[in-house]
Amino acid sequence: QVQLVESGGGLVQAGGSLRLSCAASGRTFSSYAMGWFRQGPGKEREFVAAISWSGGNTEYANSVNGRFTISRDNAKNTVYLQMNSLKSEDTAVYYCAADVSISTVVNRPNYWGQGTQVTVSS
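All of these numbers come straight from a predicted model, not from anything done at the bench.

The rules behind the values
- Position labels on residues start from 1 in each chain and follow its written sequence.
- Owing to the predicted nature of the model, reporting of local features is limited to residues with pLDDT of at least 70; listing and counting of side-chain atom pairs is limited to 80 or more, with chain, interface and lining totals taken over all residues.
- Think of the side-chain values as coming from all heavy atoms in the structure, minus any hydrogens and water.
- Remark: nonpolar core denotes a set of buried residues (Ala, Val, Leu, Ile, Met, Phe, Trp, Tyr, Cys) joined through side-chain atoms within 4.5 Å.
- Partly exposed describes any residue whose relative accessible area lies between the buried limit of under 20% and the exposed limit of over 50%, with all areas from a 1.4 Å probe on protein chains only and scaled to the type maximum.
- Secondary structure elements follow DSSP: runs of H or I no shorter than four residues count as helices, runs of E no shorter than two count as strands, and numbering proceeds from the N terminus.
- Two strands are counted as paired when DSSP detects at least two bridges linking them.
- Every case where a carboxyl oxygen of Asp or Glu lies within 4 Å of a side-chain nitrogen of Lys or Arg is listed as a salt bridge.
- Pairing of aromatic rings covers Phe, Tyr and Trp, the last counted by its six-membered ring, and requires centre-to-centre distances within 6.5 Å; plane angles under 30 degrees mean stacked, over 60 mean edge-to-face, and any other angle means tilted.
- A ring is scored as having a charge over it whenever the NZ atom of a lysine or the CZ atom of an arginine sits within 6 Å of its centre and within 35 degrees of its normal.

1. Notes on the nonpolar core
By size, the foremost hydrophobic cluster in this structure holds 36 residues, and its most contacted members are Met34, Trp36, Leu81, Met83 and Tyr94. Only strand S3 (18–25), strand S4 (33–39), strand S5 (46–51), strand S7 (68–73), strand S8 (78–83), strand S9 (92–99), helix H1 (102–107) and strand S11 (116–121) provide two or more residues apiece to this core.

Printed below as a string of structure tokens:
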């Protein structure tokens, strides 16, 4: 089992950047695929990005492809989401997620963090 804690959210102007971090507990972090989801005001939670256990494979939602980058440091048990060229529609609570494979993370992850708020002002 893995426990996830997000950090790095905040208020940023449109066009700016933020980097989210997700620290995971547990000795098996390196065996989990990881991902990021978000839930905007009045919207359903949606997939943002995912990364395989090795970091060799990544997937992105079309809405963030080319602007966001997911990465991980298995030595630090941490996954990151670098967000550039932020838009007002990126405003949401961002959640870290984990599961045994990248496909499971994208579709139905079992492990979730508590979320961190990102607000983009226009």
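The rest of the description comes next.
2. Quick look at the pairing of S5
In terms of burial, S5 is largely enclosed, as five of its six residues are buried. Taken together, the five bridges between S4 and S5 define a ladder with antiparallel strand orientation. Across the sheet, residue phenylalanine 37 finds its bridge partner in S5, namely phenylalanine 47. Connecting S4 to the next strand, S5, in antiparallel fashion are six residues, including glycine 42 with a positive phi near 70 degrees. The pairing of S5 with strand S6 (residues 58–60) spans three bridges and is antiparallel. By the bridge assignment, alanine 50 is partnered in S6 with glutamate 59. The turn joining S5 and S6, which pair antiparallel and follow one another in sequence, is formed by six residues; a positive phi near 90 degrees is taken by glycine 55.

3. Structural notes on the pattern of salt bridges
Counted according to the given criterion, the structure contains three salt bridges. Across the salt bridge formed by aspartate 90 and arginine 38, the nearest N and O atoms sit 2.9 Å from each other. Of this pair, aspartate 90 sits in the loop between S8 and S9 while arginine 38 sits in strand S4, and the two are 52 residues apart along the sequence. Overall, aspartate 90 belongs to the buried group, its relative accessible area being 0%. What makes arginine 38 buried here is its relative accessible area of 5%. The salt bridge involving aspartate 90 is made with arginine 67; its shortest N-O contact spans 2.8 Å. Residue aspartate 90 is located in the loop between S8 and S9, and its partner arginine 67 is located in the loop between S6 and S7; the two are separated by 23 residues in the primary sequence. Both residues of the pair, aspartate 90 and arginine 67, belong to the buried class. Salt bridges linked by common partners bring Arg38, Glu46, Arg67 and Asp90 together as one network.

4. Focus on the packing of aromatic side chains
Taken as a whole, this structure holds four aromatic pairs when the rule is applied. Here the aromatic rings of phenylalanine 37 and phenylalanine 47 are separated by 5.6 Å at their centres, their planes lie at 75 degrees, and the arrangement is edge-to-face. Taken together, the positions of phenylalanine 37 in strand S4 and phenylalanine 47 in strand S5 put the pair 10 residues apart, joining distant regions of the chain. Look at phenylalanine 37 and you get buried, because its relative accessible area is 6%. Seen from the ring of tyrosine 95, arginine 45 lies directly overhead, with NZ or CZ sitting 3.9 Å from the centre. Its end group placed over the ring of phenylalanine 29, arginine 72 keeps NZ or CZ at 4.6 Å from the ring centre.

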